[in-house]
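# Chain and residue survey
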Amino acid sequence: MRVRVTYNVSYSGLFNFIMARLPRLVVPHQPHHIIQRCHDGQSAFRDAADYSAFLEWLKEGARRFKVSIHAYVLMSDHVHLLATPDDAGGLARMMQWVGRYYVPYYNQKYRRAGTLWQGRYKATVLDADRYLLLCSRYIELNPVRNGLVSSPADYPWSSYLHHSGVKPDAMITDHHMYWALGNTPFDREVSYKLHSEQPLL
């Protein structure tokens, strides 16, 4: 079993730098860290049905527009995705398609009107070999950092359960960097869990 869990860089520090510099650059066949935030800090998800509905539309949008989703987390007021588009327009079309269905659903359900998201999403291109697993960990540890759970395994609205072998997620396309963690599914799952226990510097 191969275990690759030691990193000498801080993804969170790098993320804060590059998100300000390259918010909308999209490169086909390269992984991107995507963030969509709610307008004025309001909540985009109020119950389990909301989270489930968003994920269903996201899964369908990713399939329609040929975007591979490698990791995600849905927080109450923002969404993180790690995804690779097949073409330069796929990310934008996917995000627009999801919004076109989810926002009317949300507005009708909660008897509100107007925008839900804070402008356009932000997308940052990543060097997969150096940062993909760090970004995946950064995304899936959001609920822990925000004090919602003590372990990422306790949060149902992220891809951590898939990567750790608890619950397969049909929306996830495993990146080759994840496959490099081990020769069998069990090896990869154990390695990923160890990787996720490493602190973000």
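Note: the structure precedes this text.
Cut-offs applied
- Residues numbered from 1 in each chain as written.
- Predicted model: local features only at pLDDT ≥ 70, side-chain atom pairs only at ≥ 80, totals over all residues.
- Heavy atoms only, no water.
- 1 Å grid on protein atoms, 1.4 Å probe; cavity = no way out; pocket = protein on both sides within 12 Å on 5 of 7 lines; lining within 4 Å.
- Points joined across faces, edges and corners; volume = space filled by probe spheres on them.
- Helix = DSSP H or I, 4+ residues; strand = E, 2+ residues; numbered from the N terminus.
- Nonpolar A, V, L, I, M, F, W, Y, C, P; charged D, E, K, R; others polar.
- Pairing = 2+ DSSP bridges.
- Axes fitted to C-alpha atoms, helices over the stretch in contact; angles between N-to-C directions.
- Contact = heavy atoms within 4.5 Å.
- Expected span 1.5 Å × (residues − 1).
- Buried < 20%, exposed > 50% of the residue type's maximum accessible area, 1.4 Å probe, protein only.
- Polar contact = N/O pair within 3.5 Å; in protein donor to acceptor, adjacent residues only side chain to side chain.

Another point: the layout of surface pockets. Once rolled over the atoms, a probe with the size of a water molecule shows which space is left empty. Reported here for the largest pocket is a volume of approximately 340 Å³. As for the largest pocket, its lining consists of 16 residues, and the residues nearest its centre are Leu-55, Tyr-72, Pro-156, Lys-167 and Asp-169. Among the secondary structure elements, those contributing two or more residues to the lining of the largest pocket are α2 (48–64) and α6 (160–163). Among the elements that make up the lining of the largest pocket, the one with the highest residue count is α2 (four residues). When grouped by side-chain class, the residues that make up the lining of the largest pocket number eight nonpolar, four polar and four charged. Counted as a void, the second largest pocket has a volume near 210 Å³. Taken together, Gln-36, Phe-54, Ala-92, Met-95, Gln-96, Val-98, Gly-99, Tyr-102, Trp-117, Gly-119, Arg-120 and Tyr-121 make up the full set of residues lining the second largest pocket. Per element, the largest residue contribution to the lining of the second largest pocket is six residues, and it comes from helix α3 (residues 90–109). The class makeup of the residues in the lining of the second largest pocket is seven nonpolar, four polar and one charged.

As a further point, take the sheet that holds strand β3 (residues 78–85). One open sheet holds the four strands; their spatial order is β2-β3-β1-β4, and the pairing between them is antiparallel. On the outer flanks of this sheet lie β2 (67–74) and β4 (122–125), each paired with one strand and no other. Taken over all neighbouring pairs, the strand axes of this sheet differ in orientation by 20° on average, direction set aside. As paired strands, strand β1 (residues 32–37) and β3 are joined by six bridges and run antiparallel to one another. Its bridge partner being in β3, His-33 is matched across the sheet by Leu-82. Along the sheet, α2 makes contact with β2 and β3, crossing β2 at roughly 165°.

Taking 1.5 Å as the rise per residue, helix α4 (residues 128–140) with 13 residues should run 18 Å; its terminal C-alpha atoms sit 17 Å apart, in good agreement. Those residues of α4 that fall on the buried side of the exposure criterion are Ala-128, Tyr-131, Leu-132, Leu-133, Leu-134, Cys-135, Ser-136, Arg-137, Tyr-138, Ile-139 and Glu-140. Taking the backbone nitrogen of Asp-129 as reference, a side-chain oxygen 3.2 Å away marks Asp-127 as the first, capping residue of α4.

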